[in-house]
Protein chains: 2
Amino acid sequence: MNYTTQMDAARKGLVTKEMEAVARKEGMDIEILRERVATGKIAIPANKNHHSLDAEGIGEGLRTKINVNLGISKDCPNIEVELDKVRTALEMKAEAIMDLSSFGKTEEFRKSLIEMSPAMIGTVPIYDAVGFYDKELQDITAQEFIDVVEKHAKEGVDFVTIHAGMNQETAAVFKRNPRLTNIVSRGGSLLYAWMELNKKENPFYQYYDQLLEICEKYDVTISLGDACRPGSIHDATDASQIKELMVLGELTLRAWEKNVQVMIEGPGHMAIDEIAANMVLEKKLCHGAPFYVLGPIVTDIAPGYDHITSAIGGAIAASHGADFLCYVTPAEHLRLPTLEDMKEGIIASKIAAHAGDIAKKVPGARKWDNEMSRARQQLNWEKMFELAIDPEKARRYREESKPEHDDSCTMCGKMCSMRNMNKIMEGKNINILREDD
Amino acid sequence: MNYTTQMDAARKGLVTKEMEAVARKEGMDIEILRERVATGKIAIPANKNHHSLDAEGIGEGLRTKINVNLGISKDCPNIEVELDKVRTALEMKAEAIMDLSSFGKTEEFRKSLIEMSPAMIGTVPIYDAVGFYDKELQDITAQEFIDVVEKHAKEGVDFVTIHAGMNQETAAVFKRNPRLTNIVSRGGSLLYAWMELNKKENPFYQYYDQLLEICEKYDVTISLGDACRPGSIHDATDASQIKELMVLGELTLRAWEKNVQVMIEGPGHMAIDEIAANMVLEKKLCHGAPFYVLGPIVTDIAPGYDHITSAIGGAIAASHGADFLCYVTPAEHLRLPTLEDMKEGIIASKIAAHAGDIAKKVPGARKWDNEMSRARQQLNWEKMFELAIDPEKARRYREESKPEHDDSCTMCGKMCSMRNMNKIMEGKNINILREDD
């Protein structure tokens, strides 16, 4: 290959097979796509060692993508349970899977995942560091942190979350501006703890150039993590969050200088009226880099229903330019998600992404809706099931409650507006009491 | 009493006990409230014959309220099943219940409902007409339609949905502007059918003054129905919908002339990027009358999950000024909701309403969130459960998945950011591998 990364290829005027795949799937002109990859507005996370990948693009003008989190941990070390989740996530067409494994045979799990997954794979290497080195956090060296990233890169991980924006400057702003929920990013809090315990700069910030070399070599996309992601609507859009975002903007340009692709991670808990402003801020401060949001969760009071609070926030964020949604499940804030939790989270995220795509006018986004609405007008139930985001649930719901009349459903019975309007518009009378049709 | 309706009282400078109750619950200055009731910006649906009512206000500056639909029908004629739903809706603090009964012992059910319910009660009298008169739709006379409204008014119904905006002018606009899903409002389609079959004007439009006399007498709030509520995102914000809204604006002023309180009903299926504009349109064309929306459902493709599609739309609508959300359950478009469906619908609507209240800066709305976030920061699980919108589910989720360490949950285990940040900020070290605390 006469290029290093997708960005390098795009800048050299080359069209890669990954770009071709993305352009075809999205119906985007290949030259527009190439230009956006060249300028960093679109990322195509595609590690050279991820051979089973079916590449997807993330960024301006493309469909909003979703990510599913899973992985083994001390509380759930069973690889098979997590591989079941992987299979389901793939069946449900999640475009990305983040392996957040933090304990046990993480390498074995990660390798299986990469081998079997056409979806892009992300990791947060710092989660893996403690277990991999079998050392307490404080004792891990800066170089060891970097080495874990290289290990993941070699294995074929497509994007890595790196909290390089939590540097000493950001930490100082955080200390001067008290928060209700401090630092809730898991990786961010671990790094902050390491920095405090060792009185040193964030290793990912200090050795960022070394990190870029690794990412360039394997074409790993850096997903710049937001350690100061707000953990409560109270803390949203505060000095710490915005300070870190400014650092991420600087790190974005440094990555792009080395042809390394970048995504920016974002909130978090955030009131609805702050979301649009945050999308503008990210796109400006980070120079148009794709925005990958976790939520936003629009109220703190609904543990057990955070797939809904985040579907609200995610849909609004996507409408205003977010490119990539991390799913949130009903288990958020309470426990590791089960397979069922995961399914609910995926559906909610897909709804948010699609609703966002309609609003941001992704070409063709409304086609699906129009087909469904046509099927409804025609009372074509089989077609409705086929088009439903979850055909099994839609079918089951109707079958559990059989209507008096085959055409209609039990909601309105013979008062069904579709049924009656069709009759009236054909010049027929309508009957509600009579048993005949 | 020396006044007819709440609006009449407010205009005479009188403070009713209902206004006092609303002002106290909302923490709103009583004079501001009275002024808004006088000008129609706030409605307090409170039929003089609804003796068990605990009055709530709907409108500018107040918390967003939610409504639960239920009722007996040919497919579910069991009064006890529906009364169970009523009890649950009341326990879950729904502020309004609409009895959409369309078949069977509707009077018996309605009377029980009014007697037991501190929540305001709404009906759509036209649903009751066919069964009450035991006549096919076409054969019901204009006066009979009005008489059903009077019957409901006498019995103590607080607000009635009246599709008076679907007049011959609106019908003509509808005919000239084809829609994908025509008229999906059940009451609206029945009225349109009646008008077409009888070649007559909408009885509620033609005899609107008579209707106003009834509403004034009992202080029934008119909820002006939107027959042209879009049934697909394709049909949203179209000529029919806006034409009808203009008629509703005229009818609003006519009602206010008679001191009759008004709410305006609204969409429906609608893409996210159209919602804000629709809120502006309603508030302008209908002179600041409270807006009562059904959804909006932001994509058509998710039958089985329309509590989520409508939570997205409802939260956005509320953020931009909608005052009252009609709940939507997972059963929407598929069947009558079960008790479980109803619960899911109520929670989703309450989330949307609360998220909207935060965004539209209803005083005190953030307090609940801040208390939850403080409990999270302190890892005070009992407090979190107590504050959760559904304490039972939150507790069950955590208990089904016990963590290795009591403080944390299985999501992050000892990598819990709350746990580790609390330690670091107290100057302590953190341990992830070691078994001791």
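All values derive from a computational prediction rather than experimental measurement.

### Describing the packing of aromatic side chains
Across all of its chains, the model carries 16 aromatic pairs over all chains by this definition. A connected cluster of aromatic rings, assembled from ring pairs, spans F145(A), W194(A) and F204(A). The ring centre of Y305(B) lies 4.1 Å from the NZ or CZ of K393(A), which sits over that ring. Cation over ring: R398(A) sits above W381(A), and NZ or CZ is 3.8 Å from the ring centre.

### Points about the sheet that holds strand β10 (residues 324-326) of chain A
Residue and element names in this part refer to chain A. The 8 strands lie next to each other as β3-β4-β5-β6-β7-β8-β9-β10, forming a closed barrel whose pairing is parallel. If you compare each strand with its neighbour and ignore which way they point, the axes differ by 25° on average. Pairing geometry for strand β7 (residues 221-224) and strand β8 (residues 262-266), over 3 bridges, is parallel. Paired with L224 across the strands is I264, a residue of β8. Against the sheet, helix α12 (residues 239-257) engages β7 and β8, with an angle of about 165° to β8. Sheet strands touched by helix α15 (residues 339-359): β3 (65-70) and β10. Its angle to β3, the strand with the most contacts, is close to 160°.

### What about the sheet that holds strand β8 (residues 262-266) of chain B?
Hydrogen bonds between backbone atoms are what pair the strands of a sheet, whose relative direction is either parallel or antiparallel. Residue and element names in this part refer to chain B. Read around the closed barrel, the 8 strands follow the order β3-β4-β5-β6-β7-β8-β9-β10; overall the barrel is parallel. Strand after strand, the sheet turns through a mean of 25° between neighbouring axes, direction not considered. Where strand β3 (residues 65-70) and strand β10 (residues 324-326) come together, 3 bridges link them in parallel fashion. Across the sheet, the residue bridging to I66 is L325, located in β10. In this fold helix α11 (residues 208-218) packs onto β6 (159-162) and β7 (221-224), with an angle of close to 135° to the strand it touches most, β7.

### Details of the relation of the copies chain B and chain A
Screw-axis analysis of chain B against chain A gives a translation of 0.0 Å along the axis, an RMSD of 0.0 Å, and a rotation angle of 180°. Put plainly, the chains are arranged around a two-fold axis. Closest to the rotation axis within chain B is the C-alpha of I312(B), separated from it by 2.2 Å.

### Description of the pairing of strand β4 (residues 96-99) of chain A
All names here are of chain A. Burial along β4 is two-sided: A96 and M98 facing one way and I97 and D99 facing the other are all buried. Of the pairings in the sheet, the one linking β3 to β4 comprises 4 bridges and is parallel in character. Considered in β4, the bridge of L70 is made with D99. Between β3 and its parallel partner β4, the chain crosses via helix α4 (residues 79-91), and the hand of that crossover is right-handed. In this structure, β4 lies alongside strand β5 (residues 120-123), joined through 4 bridges in parallel fashion. Bridge pairing links A96 to M120 in β5.

### Some points on the domain arrangement of chain A
Residues and elements named next belong to chain A. Domain boundaries assigned for chain A yield domain 1 (43-359) and domain 2 (365-425). Relative placement of domain 1 and domain 2: their C-alpha centres are 39 Å apart. Facing 6 residues of domain 1, the contacting portion of domain 2 comprises 6 residues. Across the interface of domain 1 and domain 2, roughly 520 Å² is buried in total on both sides, 79% from carbon and sulfur atoms. Among the residues of domain 1 in contact with domain 2, I347, H354 and I358 are the three that bury the most area, contributing 76% of the side total.

### Focus: the UniProt feature "binding site: Zn(2+)" in chain A
Per the UniProt record, "binding site: Zn(2+)" is annotated on H269(A) and H333(A). The greatest C-alpha distance among the residues just named is 11.9 Å, despite their covering 65 residues of sequence, which places them together in space. Within the fold, H269(A) resides in the loop between β8 and α13 (272-285). Apart from residues lying up to four places away in sequence, H269(A) is in contact with P230(A), G231(A), S232(A), I233(A), A236(A), I297(A), D300(A), H333(A) and R376(B). Look at H333(A) and you get buried, because its relative accessible area is 18%. When sequence neighbours within four positions are dropped, the list of residues in contact with H333(A) reads H269(A), I297(A), D306(A), R376(B) and W381(B). A distance of 3.1 Å separates a polar atom in the side chain of H333(A) from a polar atom in the side chain of H269(A).

Criteria and cut-off values
- The numbers attached to residues start from 1 for each chain and follow its sequence in the written order.
- To label them, take the chains in the order written and letter them from A, then take the ligands in the order written and number them from 1.
- Under the rules for a predicted model, residues below a pLDDT of 70 receive no local features and side-chain atom pairs below 80 are neither given nor counted, while totals for whole chains, interfaces and linings still include all residues.
- Water and hydrogen atoms were dropped before computing side-chain values, which therefore reflect all heavy atoms in the structure.
- The criterion for an aromatic pair is that two Phe, Tyr or Trp rings (for Trp, the six-membered ring) have centres within 6.5 Å, with stacked assigned to planes under 30 degrees apart, edge-to-face to planes over 60 apart and tilted to the rest.
- Only Lys NZ and Arg CZ are tested; either one counts as a charge over a ring when it is within 6 Å of the ring centre and within 35 degrees of the ring normal.
- Only when DSSP finds a minimum of two bridges between them are two strands counted as paired.
- Helix numbers and strand numbers start at the N terminus; a helix is a DSSP run of H or I with at least 4 residues, a strand a run of E with at least 2.
- Lines fitted to the C-alpha atoms define the axes, with helices restricted to the stretch that makes contact. Angles between their N-to-C directions range from 0 to 180 degrees.
- Contacts were defined at the residue level, with two residues in contact if any of their heavy atoms lie within 4.5 Å.
- When the copies are superposed, the least-squares fit takes in the C-alpha atoms of residues with a pLDDT of at least 70 in both.
- Three exposure classes are used, based on accessible area relative to the maximum for each residue type with a 1.4 Å probe and protein chains only: buried under 20%, partly exposed in between, and exposed over 50%.
- By convention, a crossover is right-handed whenever its connection, traced from the first strand over the helix to the second and viewed with the strands pointing away, goes clockwise.
- Segment limits for the domains were obtained from an automatic or database-derived domain assignment.
- Buried surface area refers to the total accessible area, computed with a probe of radius 1.4 Å, that the two partners give up upon joining, counted for both partners together.
- UniProt positions are given in the numbering used here, feature names are shortened, and annotations may be inferred rather than shown by experiment.
- Polar contacts, as counted here, are pairs of nitrogen or oxygen atoms within 3.5 Å of one another; within protein the pair requires one atom able to donate a hydrogen and one able to accept it, and residues that are adjacent in sequence qualify only if both atoms are side-chain atoms.

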